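Okay, here's what each chain looks like letter by letter:
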Amino acid sequence: MCSASSQQRQASGKTQAAPAVEQTEQQQQPVSPSQRTRLPRRGARQKGAVVVDLSKSSAAAAPPLLGILDGKFRLEPAEVAALRELHGLGEDELLARLIQPAAQQARPPISSFHVGAVGLGASGALYVGVNLEFAHLPLYNSVHAEQFLLVNALHHGEREIRRLAVSAAPCGHCRQFYSELACAETVRFSFQGGTYSLGQLLPMRFKPQDLLSDPPPPLLLEQQDNRIQLTSASRAALQQRSGEPAFVRAAAEALAAAVGSYAPYSRCPAGAAIVTAEGDVYSGGYVESAAYNPSLPPLQTAIVVAVIDGMPCYTAAHEVVLVELATGAVQHALTTRVALEQIAPQARLTVLQAEWVPGAETVHT
């Protein structure tokens, strides 16, 4: 539950105690999920406990660009241009050579399977995504690398992802999640030596247009404006803690995250903010999927932002502020509390209830 480097050291110790077994294709036998944490998959490369799928990928043929990321999850457009010129790389080549360094930053304490995703936005900025798993919680609480990358782009105001390279083939969960993008028809995925459109990866997919009005409201990565406000009771509770600057900031950021959250199906916007004992604040908003299950709760998006911006351990969370509709059909307070009990048991959860601004509850903005 601490930083990626400390997790890797701990996981590396486990690997030394139970070294991986190398098998030929003829010798390999089916393995259980628990065994998969120790045995590298066919076509995978393992270093310590870090398993990254590089089978048939251009990343396997070209040496990774080490020392470029070093804990960073975004490169400015000028940095990207300078890297390409220095190494003589095209866009796809640059992404492929950063996959392995990206995957090293993942936090998968359950599977020990590190996934890295590296994408380019229309702005020219480069975004990194990694998988996050949470020990002692159900697997559906996990954040996939491709989802992390999108939250990263949202956090930095990016409006379009043009292409991304992934260390392993995107699962159906992520292919469906990317269907929410306004740029879903143009985004390109590279993995295992090929480049594909979303239509090729998920033909006849379930789309936002299948549930939303025509024309649809703003889609994922487009600006959202859920016109909600805190209830009078929540404003009174906030006033009682007006002498706590970090809490006041967290409440404001959680509300702003809810206003900007992507909830076109349930119409239940929500946002969360993590406060550390040092007064740092990290916030994120709810992100829905037309298929519902791939949706990302606000706590997970706030955790992604916390990882991006340098919070070393989940246990650094001192308090979490959640803003959600008082009467919403979708609410996150109970599951947020359960998750915090496992990853940050010392953290206090404060729920601030919200309501639609009069006249806004039936308007798609």
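Residues numbered from 1 in each chain as written. Predicted model: local features only at pLDDT ≥ 70, side-chain atom pairs only at ≥ 80, totals over all residues. Heavy atoms only, no water.

1. Observations concerning the pairing of strand S8 (residues 194–197)
Here comes step 1: Here four bridges tie strand S7 (residues 188–191) to S8, and the two strands are oriented antiparallel to one another. Bridge pairing in S8 places Phe191 opposite Gly194.
Here comes step 2: Between S7 and S8, which pair antiparallel and follow one another directly, the connecting turn spans two residues, one of which, Gln192, has a positive phi of 50°. (Pairing = 2+ DSSP bridges. Helix = DSSP H or I, 4+ residues; strand = E, 2+ residues; numbered from the N terminus.)

2. As for the environment of Arg84
Here comes step 1: By the secondary structure assignment, Arg84 is in helix H4 (residues 77–87).
Here comes step 2: For Arg84, a relative accessible area of 30% translates into the label partly exposed.
Here comes step 3: Put simply, Arg84 and Leu94 are ten residues apart on the chain and 6.8 Å apart in space, counted from C-alpha to C-alpha.
Here comes step 4: Not counting the four nearest positions on each side in its chain, Arg84 is found in contact with Leu89, Gly90, Glu91 and Leu94. (Buried < 20%, exposed > 50% of the residue type's maximum accessible area, 1.4 Å probe, protein only. Contact = heavy atoms within 4.5 Å.)

3. Description of unusual backbone geometry
With the exception of glycine, the majority of residues adopt a negative phi angle, and the majority of peptide bonds are in the trans configuration.
Here comes step 1: The linkage connecting Asp214 with the following residue, Pro215, adopts the cis geometry, with an omega of 0°.
Here comes step 2: The backbone phi angle of His136 is positive, close to 75°, even though this residue is not glycine.
Here comes step 3: Summarising the element assignment, His136 is placed in the loop between strand S5 (126–130) and helix H6 (145–155).
Here comes step 4: For His136, a relative accessible area of 65% gives the class exposed.
Here comes step 5: With a phi close to 55°, Met204 is a non-glycine residue in the positive phi region.
Here comes step 6: Of note, Met204 is situated in the loop between helix H8 (198–201) and strand S9 (228–230).

4. As for helix H11 (residues 298–308)
Here comes step 1: Counted residue by residue, H11 has eleven buried out of eleven residues, so it is predominantly covered.
Here comes step 2: Those residues of H11 that are buried lie in contact with H6, strand S10 (270–276), strand S11 (281–285), strand S12 (317–325) and helix H12 (333–343).
Here comes step 3: Within two residues after H11, Gly310 carries a phi angle of roughly 105°, on the positive side.

5. Regarding the state of the cysteines
Here comes step 1: Within this structure, the stated rule accounts for zero disulfides.
Here comes step 2: Free of any disulfide, Cys171 has its nearest cysteine sulfur in Cys174, 3.9 Å distant.
Here comes step 3: Overall, the relative accessible area of 29% leaves Cys171 in the partly exposed class.
Here comes step 4: Residue class for Cys174 comes out buried when judged on its relative accessible area of 1%. (Disulfide = S-S within 2.5 Å.)

6. Some thoughts on helix H10 (residues 245–259)
Here comes step 1: Its 15 residues place the ends of H10 21 Å apart at the C-alpha level, agreeing with the 21 Å of an ideal helix rising 1.5 Å per residue.
Here comes step 2: Of the surrounding elements, those touching the buried residues of H10 are S9, helix H9 (232–240), S10, S11, S12 and strand S13 (348–356). (Expected span 1.5 Å × (residues − 1).)

7. Digging into a nonpolar patch on the surface
Here comes step 1: A contiguous nonpolar surface patch, about 310 Å² in accessible area, is contributed by Phe206, Leu211 and Tyr292.
Here comes step 2: Following the sequence through the fold, Tyr292 ends up in the loop between S11 and H11. (Patch = residues over 30% accessible without salt bridge, like charges linked within 9 Å, V, L, I, M, F, W, Y side chains within 5 Å. Areas by Shrake-Rupley, 256 points an atom, 1.4 Å probe, with all protein chains shown as cover. Salt bridge = Lys/Arg side-chain N within 4 Å of Asp/Glu carboxyl O.)

8. A short note on the packing of aromatic side chains
How two aromatic rings sit relative to each other is set out by the distance from centre to centre and by the angle between their planes.
Here comes step 1: Scanning the entire structure with this criterion turns up four aromatic pairs.
Here comes step 2: The interplanar angle of 65° and the centroid separation of 5.3 Å between the aromatic rings of Tyr178 and Phe189 together place this pair among those described as edge-to-face. You can see Tyr178 sitting in the loop between helix H7 (172–177) and S7 and its partner Phe189 sitting in strand S7, a full eleven residues away along the chain. Across this residue pair, the class does not change: Tyr178 and Phe189 are buried.
Here comes step 3: Seen from their ring centres, Phe191 and Tyr196 are 5.0 Å apart, and the 35° between their planes marks the pair as tilted.
Here comes step 4: Residue Tyr196 is classed as partly exposed on the basis of its relative accessible area of 29%.
Here comes step 5: The positively charged end of Arg241 is found above the aromatic ring belonging to Phe247, 3.7 Å away from the centroid. (Phe/Tyr/Trp six-rings, centres within 6.5 Å; stacked < 30°, edge-to-face > 60°. Lys NZ or Arg CZ within 6 Å of the ring centre and 35° of its normal.)

9. Quick word on the sheet that holds S13
Here comes step 1: Spatially, five strands are ordered S9-S13-S12-S10-S11 in an open sheet, and the strand pairing comes out mixed. With partners counted over all chains shown, the strands left at the sheet margins are S9 and S11, one partner each. Each neighbouring strand pair of the sheet contributes to a mean axis angle of 25°, computed without reference to strand direction.
Here comes step 2: Direction of pairing for S12 relative to S13: parallel, over a ladder of seven bridges. Across the sheet, Glu324 pairs through a bridge with Gln353, a residue of S13.
Here comes step 3: Against the sheet, H12 makes contact with S12 and S13, and its axis sits at roughly 160° relative to S13, the strand it touches most. (Axes fitted to C-alpha atoms, helices over the stretch in contact; angles between N-to-C directions.)

10. Some remarks on the side chain of Arg205
Here comes step 1: Position of Arg205 relative to the elements: it lies in the loop between H8 and S9.
Here comes step 2: A residue is classified by how much of its surface remains accessible, and Arg205, at 11% relative accessible area, is buried.
Here comes step 3: Within polar-contact distance, the side chain of Arg205 engages the side chain of Ser179 at 3.3 Å. (Polar contact = N/O pair within 3.5 Å; in protein donor to acceptor, adjacent residues only side chain to side chain.)

11. Overview of the pattern of salt bridges
Here comes step 1: This model, assessed by the stated rule, comprises twelve salt bridges.
Here comes step 2: The salt bridge involving Glu79 is made with Lys72; its shortest N-O contact spans 3.1 Å.
Here comes step 3: For Lys72, a relative accessible area of 34% puts it in the partly exposed group.
Here comes step 4: For Glu91, the salt bridge goes to Arg162, with nearest N and O atoms at 2.8 Å. In this pair, Glu91 sits in helix H5 (residues 91–103) while Arg162 sits in strand S6 (residues 161–166), placing the two residues 71 residues apart along the sequence.

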